[in-house]
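Spelled out from the first residue to the last, the chains are:
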Amino acid sequence: MCDHPAVLYVEDEPFSRQVMQMLLVRGLGFKHVTIFEDSTDFMTRVENLALKPNLIMLDIHMQPFDGFKMLHLLREHHDYRQARIVAVTASVMNEEIELLKSAGFDGGIGKPIDQNFLPEFLDRILNGEQIWHVT
């Protein structure tokens with residue numbers, strides 16, 4: 001894993017944003033965390049980030065662009081074709097997970113976030129592994 005990975009988390013639920021911020025920054029010591037509260041002007045905002053994220057975590061149920069659309073926009077952009085992009089979802093049915101995999105996500109993590117598993121999950125994703133922890 002890179003020493004100080006930059007993380008982008010896109011989440012519209014205030015409590016989930018607060019928990020993830022706390023887990024990443026206070027709990028795991030991440031220094032570069034950006035959180036978008038919606039997907040308005042998504043690619044413009046991504047392109048204007050001071051640091052290109054090593055990991056992008058997308059809530060699937062967002063407005064105006066859902067996680068699938070944001071993934072598609074990122075994969076079309078030359079800087080993000082190989083980015084590590086993870087789905088964050090409360091929808092953990094088998095058919096929904098298969099949709100996430102076939103769409104091109106590198107992994108998925110279910111809500112509520114399992115804070116005991118999060119460090120291992122992030123380490124494995126950032127080291128190139130596809131991992132699905134959505135139970």
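See the structure printed just above.
Reading guide: rules and limits
- Residues numbered from 1 in each chain as written.
- Predicted model: local features only at pLDDT ≥ 70, side-chain atom pairs only at ≥ 80, totals over all residues.
- Heavy atoms only, no water.
- Helix = DSSP H or I, 4+ residues; strand = E, 2+ residues; numbered from the N terminus.
- Rg over C-alpha atoms; globule rule 2.2 N^0.38 Å.
- Buried < 20%, exposed > 50% of the residue type's maximum accessible area, 1.4 Å probe, protein only.
- Contact = heavy atoms within 4.5 Å.
- Pairing = 2+ DSSP bridges.
- Salt bridge = Lys/Arg side-chain N within 4 Å of Asp/Glu carboxyl O.
- Axes fitted to C-alpha atoms, helices over the stretch in contact; angles between N-to-C directions.
- Core = buried A, V, L, I, M, F, W, Y, C linked by side-chain atoms within 4.5 Å.

(A) Just the overall build of the chain, in detail. Of the regular secondary structure elements, the chain holds 5 helices and 6 strands. Going from N to C terminus, the chain has its helices and strands arranged as β-α-β-α-β-α-β-α-β-α-β. Computed over its C-alpha atoms, the radius of gyration of the chain comes to 13 Å, within 12% of the 14 Å expected for a compact globule of 135 residues. With respect to the principal axes defined by its C-alpha atoms, the chain has extents near 35 × 30 × 30 Å. Burial status across the chain gives 44% buried among its 135 residues. When contacts within the chain are restricted to residue pairs at least 6 apart in sequence, those whose partners lie at least 24 apart make up 64%.

(B) Main features of the pairing of strand β3 (residues 55-59). With 5 of its 5 residues buried, β3 lies for the most part within the structure. Pairing geometry for β3 and strand β4 (residues 84-89), over 5 bridges, is parallel. In the strand pairing of β4, Leu58 is matched with Ala87.

(C) Geometry of the pattern of salt bridges. For the coordinates displayed, the defined rule picks out 9 salt bridges. In this structure, Glu37 engages Arg17 in a salt bridge whose closest nitrogen and oxygen atoms are separated by 3.9 Å. Taken as a pair, Glu37 in the loop between β2 (32-36) and α2 (42-47) and Arg17 in helix α1 (residues 14-27) lie far apart in primary sequence, 20 residues in all. Given a relative accessible area of 49%, Glu37 falls into the partly exposed group.

(D) Representation of the sheet that holds strand β1 (residues 6-10) within the structure. Taking strand neighbours across the sheet as the criterion, the 6 strands line up as β2-β1-β3-β4-β5-β6 in an open arrangement whose pairing is parallel. Bordering the open sheet on either side are β2 and β6 (131-133), each of which pairs with just one other strand. In this sheet, adjacent strand axes meet at a mean angle of 20 degrees when their direction is disregarded. In the sheet, β4 pairs with strand β5 (residues 107-110) via 4 bridges, with the strands oriented parallel.

(E) Structural view of the nonpolar core. With 23 residues, the main nonpolar core has Phe42, Leu58 and Leu74 as its most contacted residues. It is helix α3 (residues 67-76) that contributes the most residues to this core, 4 residues altogether. The contacts of Leu58, once residues within four sequence positions are left out, are Val10, Phe42, Gly67, Met70, Leu71, Leu74, Ile85, Val86, Ala87, Val88 and Phe105. Counting 19 residues, the second-largest nonpolar core is a separate cluster that includes Met20, Val33, Val86 and Leu118.

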